[in-house]
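Here are the chains, one letter per residue:
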Amino acid sequence: MARRKKIYEGKAKILYEGPEPGTLVQYFKDDATAFNAEKKATIEGKGVLNNRLSEHFMTGLNTIGVPTHFIKRLNMREQLIRSVEIIPLEVIVRNVAAGSISKRMGIEEGTPLPRPIVEFSYKDDALGDPLVPEEYIIAFGWASQQDLDDIVALALRVNDFMSGIMFGINIKLVDFKIEIGRVFDGDFQRLIVADEISPDSCRLWDMKTGEKLDKDVFRRDLGDLADAYTEVANRLGLMPKNIGSGSGPKLVN
Ligand code: TMP
Ligand code: ASP
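Here the structure is a predicted model, which means the values were calculated and not measured. In this numbering scheme, every chain counts its residues from 1 along its sequence in written order. Written order decides the labels, with chains lettered from A and ligands numbered from 1. Reporting in this predicted model follows two pLDDT cut-offs: at least 70 for local features of residues, and 80 or more for side-chain atom pairs to be given and counted; totals over whole chains, interfaces and linings ignore these cut-offs and use all residues. Only hydrogens and water are set aside when side-chain values are computed; all heavy atoms of the structure are taken into account.

Trainee: Explain the packing of aromatic side chains residue by residue, including any values.
Mentor: Stacked, edge-to-face and tilted are the three classes for Phe, Tyr and Trp ring pairs, Trp counted by its six-membered ring, which pair at centre distances within 6.5 Å; planes under 30 degrees apart are stacked, over 60 edge-to-face, the rest tilted. By the definition in use, this model includes three aromatic pairs. Lying over the aromatic face of Tyr16, Arg4 brings its terminal NZ or CZ to 4.1 Å of the ring centre. The criterion for a charge sitting over a ring is simple: Lys NZ or Arg CZ within 6 Å of the ring centre, and within 35 degrees of the ring normal.

Trainee: Account for the site of ligand 1, naming residues and giving values.
Mentor: Close to ligand 1 lie 15 residues, the nearest being Arg94, Ser100, Asp175, Lys177 and Arg203. Ser100 places a polar side-chain atom, nitrogen or oxygen, 2.5 Å from an oxygen atom of ligand 1. The side chain of Arg203 places a nitrogen or oxygen atom 2.9 Å from an oxygen atom of ligand 1. The Shrake-Rupley method, run with a 1.4 Å probe sphere, supplies the accessible areas, and residue values consider only the shown protein chains as cover. In isolation ligand 1 exposes 450 Å². Once the protein is present, 80% of that is buried. Elements represented by at least two residues in the shell around ligand 1 include exactly β9 (89-96), α2 (99-105), β11 (171-185) and β13 (202-206). Note on residue classes: Ala, Val, Leu, Ile, Met, Phe, Trp, Tyr, Cys and Pro are nonpolar, Asp, Glu, Lys and Arg are charged, and everything else, Gly too, is polar. Each residue belonging to the shell around ligand 1 can be placed in one class, and the counts come to four nonpolar, three polar and eight charged. Any residue with a non-hydrogen atom lying within 4 Å of a molecule or strand is treated as near it. Polar contact is defined as a pair of N or O atoms within 3.5 Å, subject to the rule that within protein one atom must be able to donate a hydrogen and the other to accept it, and that residues adjacent in sequence are counted only when both atoms are side-chain atoms. Where helices and strands are cited, they refer to DSSP runs of H or I of at least four residues and of E of at least two residues respectively, numbered from the N terminus.

Trainee: So, the layout of surface pockets: which residues are in play, and what are the values?
Mentor: The pocket and cavity definitions rest on a 1 Å grid over protein atoms only: a 1.4 Å probe that fits but cannot leave marks a cavity, an open set with protein on both sides within 12 Å along at least five of seven lines marks a pocket, and residues lining either have an atom within 4 Å of a point. Grid points are joined across faces, edges and corners, and a volume is the space filled by probe spheres set on the points. Estimates place the volume of the second largest pocket at around 270 Å³. Lining of the second largest pocket is provided by twelve residues; of these, Val48, Leu49, Met76, Met239 and Pro240 occupy positions nearest its centre. In terms of residue class, the lining of the second largest pocket is made up of seven nonpolar, three polar and two charged.

Trainee: Any chance you could break down the site of ligand 2 for me, citing the residues and the numbers?
Mentor: Near ligand 2 you find Lys11, Thr33, Ala34, Phe35, Asn36, Ala37, Lys215 and Arg219, and these make up its full shell. Separating an oxygen atom of ligand 2 from a side-chain N or O atom of Lys215 is a distance of 3.0 Å. When the free accessible area of ligand 2 is taken as 270 Å², the share hidden by the protein chains comes to 81%. Of the residues that constitute the shell around ligand 2, the class distribution is three nonpolar, two polar and three charged.

Here it is, written out as structure tokens:
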């Protein structure tokens, strides 16, 4: 088989040339990084879980009319996506204070915010993904005011959808990060949800116990990351019933 052309390799995913123009294959690695790649590990199974979870969330978003780059899952680790021009921003939505907002503003983790807060970081590891105001985004030409209005509207729809899904499985969606891509249909440009939506890019807390079921388990050394992601997948009904239960087919004597 001819080797596929690698288009881009990031910390957790690789993009390959897709089978049709305008498409790419997104491959999910098992690598995990935190703190701008100062902390690194390989977590067996993470890529498979995130591929399946991102498929689940993106398919749901497509179905309710929130456009995403997702076309279809190809196999355990790969999905076919639309090729987009990524806007170099991390779009973060917060419902509950945690992580950097708690540090920056001195708000105790777990404090509900008065309303969802949408914020933007400039995607640049060397700079530590700094928080940027809309003024910077417009002045540096990363997005227009109209784009930003559309991005905030998209982010809030993703927030409502993801909050509802998580509520249904007794998980609180504390915050999350998405990335937005531009696609061009003739003279028109559209903004769509790109990258991934997975426990790598969300904070997910069990509603009863407060247990963390997201990448903070890795960032803060709280336990086994793959177990946490498997728990999310299990609650969503995405895991084959006979995996991990130790109760495979039994022979009757
Ligand atoms: P923060 O509290 O560290 O700013 O993170 C906010 C949300 O964004 C949280 O759900 C984790 C996610 N996130 C990423 O997906 N990538 C990143 O590089 C960072 C720093 C956060
Ligand atoms: N951007 C961080 C890193 O590279 C990842 C994170 O903390 O989510 O390592």
